[in-house]
Amino acid sequence: MEVKIGVQHAPREIVLESGQSAEEVERAVSDALAGKAQLLSLTDEKGRKVLVPADRLAYVEIGEMTTRRVGFGAL
């Protein structure tokens, strides 16, 4: 699923494709904003970790599950 993270004082947002469920991402964001965690930690589909300081989060947009398209034409 696609996750977009806005960071305060940063001109661009962080976009990643995560293998985590929407509930897992939402729980991680809630924990970071509630002060239970100092960092928002998410893992993308390639296994890389993205760490964002919780006090710098502007917004988090959780998208729908995406399906991989194969080929050149849009169906």
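Every value quoted in this text rests on a predicted model; they were computed, and no experiment measured them.

Asks: For this particular structure, what's the right way to read the environment of E64?
Replies: Positionally, E64 belongs in the segment after β5 (57–62). Residues within four places of E64 in sequence aside, it is in contact with M1 and E2.

Asks: What's the story with the pattern of salt bridges in this structure? I'm lost.
Replies: Where side chains of opposite charge bring their charged atoms close, a pairing between them can arise. All chains considered together, the criterion is met by one salt bridge. Among the ionic pairs, R48 bridges to D44, the shortest N-O distance being 2.9 Å. On the basis of relative accessible area, D44 is assigned to the buried category, the value being 11%.

Asks: What am I meant to see in the nonpolar core here?
Replies: Side chains of nonpolar character tend, in soluble globular proteins, to be buried together. Counting residues in each nonpolar core, the largest one holds 14 residues, and the members touching the most others are V3, I5, L40, L42 and V52. Every element with two or more residues in this core is listed here: β1 (2–7), α1 (22–34), β3 (39–43) and β4 (49–53). In this view, L40 contacts I5, A28, V29, A32, V50, L51, V52, L57 and V60; residues no more than four positions away in its chain are not counted.

Asks: I tried to follow the sheet that holds β1 on my own but got confused; where do I start?
Replies: To summarise the sheet geometry, strands pair through backbone hydrogen bonds and adopt either a parallel or an antiparallel arrangement. If you trace the three strands from one edge of the open sheet to the other, you get β2-β1-β5, paired in antiparallel fashion. Looking at which strands have only one partner, the edges of the open sheet turn out to be β2 (14–17) and β5. Taken pair by pair, the neighbouring strands of this sheet meet at an average axis angle of 15°, ignoring direction. For β1 and β2, the ladder comprises four bridges, and the chain directions are antiparallel.

Calculation notes
The residue numbering used here restarts from 1 in each chain and proceeds along that chain's sequence as written. Thresholds applied to this predicted model are a pLDDT of at least 70 for local features of residues and 80 or more for the giving and counting of side-chain atom pairs; totals over whole chains, interfaces and linings are not thresholded and use all residues. To get the side-chain values, all heavy atoms of the structure are used, and hydrogens and water are removed first. Every helix listed is a DSSP run of H or I at least four residues long, and every strand listed is a run of E at least two residues long, numbered separately from the N terminus. We call two residues in contact when some of their heavy atoms are within 4.5 Å. In the sections that follow, a salt bridge refers to a side-chain nitrogen of Lys or Arg positioned within 4 Å of a carboxyl oxygen of Asp or Glu. Each residue's exposure class comes from its accessible area (1.4 Å probe, protein chains only) as a fraction of the maximum for that residue type: buried when under 20%, exposed when over 50%, partly exposed otherwise. Note on terminology: a nonpolar core comprises buried Ala, Val, Leu, Ile, Met, Phe, Trp, Tyr and Cys residues joined through side-chain atoms within 4.5 Å. Paired strands are those between which DSSP finds at least two bridges. All axes here are fitted lines through C-alpha atoms, helices being fitted over the stretch that makes contact, and every angle between N-to-C directions spans 0 to 180 degrees.

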